[in-house]
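Chain by chain, the residues run as shown.
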Amino acid sequence: MVSNSTLEFLKTRRSVLARNMTTPGPSADVLRDILSAATRVPDHGKLAPWRLVVLQDEARVSLGKIAADALFAREEDKSVDAYATSAAQFLRAPCVIGVLACPKAHPKIPRSEMILSAGAVCMTLLTAAQSVGFAAQWLTGEVAYEPSVLQALGGEAGDEIAGFIYIGTATEAPNERARPALDDVVTFGLPNLGSPQ
Ligand SMILES: Cc1cc2nc3c(=O)[nH]c(=O)nc-3n(C[C@H](O)[C@H](O)[C@H](O)COP(=O)(O)O)c2cc1C
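Rules used throughout
Residues numbered from 1 in each chain as written. Predicted model: local features only at pLDDT ≥ 70, side-chain atom pairs only at ≥ 80, totals over all residues. Helix = DSSP H or I, 4+ residues; strand = E, 2+ residues; numbered from the N terminus. Buried ≥ 20, exposed ≤ 12 C-beta atoms within 10 Å, placed from the backbone. Near = placed C-beta within 6 Å. Nonpolar A, V, L, I, M, F, W, Y, C, P; charged D, E, K, R; others polar. Axes fitted to C-alpha atoms, helices over the stretch in contact; angles between N-to-C directions. Left-handed = near helix turned anticlockwise from the far one by under 90°. Contact = placed C-beta atoms within 7 Å. Core = buried A, V, L, I, M, F, W, Y, C linked by C-beta atoms within 7 Å.

Asks: What is the right way to look at the overall build of the protein chain in this model?
Replies: Looking only at helices and strands, the protein chain features seven helices and five strands. Listed N to C, the secondary structure of the protein chain is α-β-α-β-α-α-β-α-β-α-β-α in terms of helices and strands. By principal-axis analysis of the C-alpha atoms, the protein chain measures approximately 60 × 45 × 40 Å. Split into buried and exposed, the 197 residues of the protein chain put 28% on the buried side.

Asks: Looking at this structure, I do not really get the site of the ligand. What am I missing?
Replies: The local shell around the ligand consists of Arg-14, Ser-15, Gln-137, Trp-138, Leu-139, Thr-140, Gly-141, Gly-163 and Arg-177. If one sorts the elements of the shell around the ligand by residue count, strand β4 (residues 135-139) sits on top with three residues. Split by residue class, the shell around the ligand holds two nonpolar, five polar and two charged.

Asks: Would you mind showing me how to read the packing of helix α2 (residues 28-38) against helix α5 (residues 111-131) here?
Replies: Angle between the axes and distance between the axes: these two values describe a pair of packed helices. Contact pair α2 / α5: the axes reach a minimum separation of 8 Å and the direction vectors enclose 140 degrees. Note that α2 runs across α5; the crossing there is right-handed. Packed against α2, whose contacting residues are Ile-34, Ala-37 and Ala-38, the element α5 presents Val-121, Thr-124, Leu-125, Ala-128 and Ala-129 at the interface. The residue inventory of the contact of α2 with α5, partitioned by class, reads seven nonpolar, one polar and no charged.

Asks: What is the right way to read the nonpolar core from this model?
Replies: A general tendency of soluble globular proteins is for nonpolar side chains to be buried together. Within the largest apolar cluster, 39 residues are counted, with the highest numbers of intra-cluster contacts made by Val-96, Val-99, Leu-125, Ala-136, Ile-165 and Tyr-166. Those elements that place two or more of their residues in this core are α2, β2 (50-56), α3 (58-74), β3 (95-101), α5, β4 and β5 (160-170). Sorting elements by how many residues they give to this core places α5 first, with eight residues.

Asks: How should the environment of Tyr-145 be read in this particular structure?
Replies: Tracing the chain through its elements places Tyr-145 in the loop between β4 and α6 (147-152). Residue classification places Tyr-145 among the exposed residues on the basis of 12 C-beta atoms within 10 Å. Through-space distance from the C-alpha of Tyr-145 to that of Ala-162 is 9.6 Å; in sequence the pair is 17 residues apart.

Encoded structure:
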């Protein structure tokens, strides 16, 4: 069996719930390293079909208010508590990165590949942050499908929010999470032809 520290990290890493995060977040230098790693993802055609919006300090408050206003306008639960929870959602971590998938029209490269590349950005933000000891979690939730939130992040028609990557410091270690058995999700050879090829 091969072993190296990167593989060991990937085999054991875990996300920490955003509600179990606190300060500090990454310094400006570390954040820059995390962002550099995350923009070095596979990207068919070098289209860079994604944008990353770093939310810290007051930007988290402003986006929370936009989100709360939008959800409040269409939710049945119009309680003060629901509004406050929604407005405070981005305050759970000191640093939140909104990742937009920004597919471009292309004669050969399908839109789905550009969305997948944005997913790779999210996953790399997550693993890069976790690799240097930060708590991180990839979240969407209703807010990721809210047009006014997309617009506030600079999204245009056809863009999508791939996720919000919360980054902070864990207040408690996460429990292990059940993972699928390899045999349930991996097939060696063509599954409909029986034995391994
Ligand atoms: C695209 C995407 C969106 C997600 N959105 C949410 C969410 O809104 N709420 C949530 O509890 N978990 C959400 N998750 C799940 C968590 O990010 C994550 O899978 C879980 O915390 C376990 O993470 P780990 O495998 O890194 O330990 C989402 C995952 C993905 C891939």
